[in-house]
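Examination of the molecular architecture
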Amino acid sequence: MQVGSRRGFLVAAAAMTTAASVGACRSRSDGSGDLLDVSASANLPTARESLAADGNTIVLGDPGAPLAVRLYEDMSCPASAEFETEGTAPYLKRAARNGALQLQVTLGSFLGPGSKLAANALRAALDQNRFADYHDLLYRKQDWVRKAGGFTRDRLLGLAIMIPGLRGPEFDLAVLETKHEDFVEAADEVLRTSRVPGTPAMAINGSLVPSDSRDLLTDRSRLYQHLRKAARA
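Thresholds, definitions, all that
Residues numbered from 1 in each chain as written. Predicted model: local features only at pLDDT ≥ 70, side-chain atom pairs only at ≥ 80, totals over all residues. Heavy atoms only, no water. Helix = DSSP H or I, 4+ residues; strand = E, 2+ residues; numbered from the N terminus. Buried < 20%, exposed > 50% of the residue type's maximum accessible area, 1.4 Å probe, protein only. Polar contact = N/O pair within 3.5 Å; in protein donor to acceptor, adjacent residues only side chain to side chain. Contact = heavy atoms within 4.5 Å. Salt bridge = Lys/Arg side-chain N within 4 Å of Asp/Glu carboxyl O. Pairing = 2+ DSSP bridges. Axes fitted to C-alpha atoms, helices over the stretch in contact; angles between N-to-C directions.

In this structure, N120 sits in helix α4 (residues 113–127). Accessibility expressed as a relative area gives 0% for N120, which makes it buried. Only 2.7 Å separates the side chain of N120 from the backbone nitrogen of H180, close enough to count as a polar contact. If near-sequence neighbours (up to four positions away) are discounted, N120 is found in contact with A174, V175, T178, K179, H180, E181 and V184.

Here it is in structure tokens:
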């Protein structure tokens, strides 16, 4: 499994053609009716968090929403971290919170034991309805964690203190005893047997975003227009 590099992510972003402005972003409260057109400053409710029926997909937003975006990630992948912090992932999470789509997350762990421990901890966070917050935090802290030697149980618990309502006997035990090992292995198998060449990767309504459309991972305006077309299809 090839992992996308930070350099590759930045080159893709620099090479893309500047997209035309979509116009002023609006929140659901402005009556525009376009739930995909959501700004970074919009006051949004927390997204519903759930485990899909397949047992290995984490869903943010309404699991019945007809527009579905799937993200394939590895928590130790630098390119995945850049996508989550500087790319279009924050926009997708706002769109899920705004009721525009369901965001499906497949957590691979092909980069080693630290990725498996992080995926297990994130599954435990789902049980506390804190997956999204913890997921964001782990990516923001990924660079520090990698320099320190990778994700460990102690580091994962230490970072979890920063998420109100996450730490507790149930979560701590799940992290320390790798309670969700079956989930971790099943999700990794989904990624391993998919057509995904590396992480991060995105699929929209089941169609994998091809390599010549990687700007959808970096350009919010391009992704917005693409999602509008997919929603009308």
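On to the pattern of salt bridges, then. Counted according to the given criterion, the structure contains 11 salt bridges. In this structure, D136 and K93 form a salt bridge, with 2.4 Å as the shortest nitrogen-oxygen distance. Residue D136 is located in helix α5 (residues 131–140), and its partner K93 is located in helix α3 (residues 89–97); the two are separated by 43 residues in the primary sequence. Two residues, K116 and E185, come together in a salt bridge whose shortest N-O distance is 3.3 Å. You can see K116 sitting in helix α4 and its partner E185 sitting in helix α9 (residues 181–192), a full 69 residues away along the chain. Under the relative-accessibility criterion, K116 is labelled partly exposed at 27%. According to the relative accessible area criterion, E185 is partly exposed, its value standing at 35%. Each of E84, K93 and D136 takes part in one network of salt bridges that share partners.

Every regular strand shows the same layout, with side chains that alternate between the two sheet faces. Burial runs high along strand β3 (residues 68–74): seven of the seven residues are buried. Alternating residues of β3 divide into A68, R70, Y72 and D74 and V69, L71 and E73, and every residue in both groups is buried. Summarising the sheet, β3 and strand β4 (residues 102–108) pair through seven bridges and their orientation is parallel. Bridging from a neighbouring strand, D74 pairs with G108 of β4.

Time to look at the sheet that holds β4. Pairing between sheet strands relies on hydrogen bonds along the backbone, with the strands arranged either parallel or antiparallel. Taken in spatial order, the six strands of this open sheet run β1-β2-β4-β3-β5-β6, and their pairing is mixed. The open sheet has two edge strands, β1 (49–51) and β6 (207–208), and neither has a second partner. Of the pairings in the sheet, the one linking β1 to strand β2 (residues 58–60) comprises three bridges and is antiparallel in character. From the neighbouring strand, L51 faces β2, where its bridge partner is I58. Packing of α4 onto the sheet brings it into contact with β1, β2, β3 and β4, and relative to β1 it is tilted by some 115 degrees. Running at roughly 100 degrees to β4, α9 makes contact with β1, β2, β3 and β4 of the sheet.

Before going further, it helps to spend a moment on the environment of D34. Within the secondary structure, D34 sits in the loop between α1 (6–15) and β1. Assessed through its relative accessible area of 18%, D34 is described here as buried. Here L36 takes part through its backbone nitrogen, which lies 3.2 Å from a polar atom of the side chain of D34.

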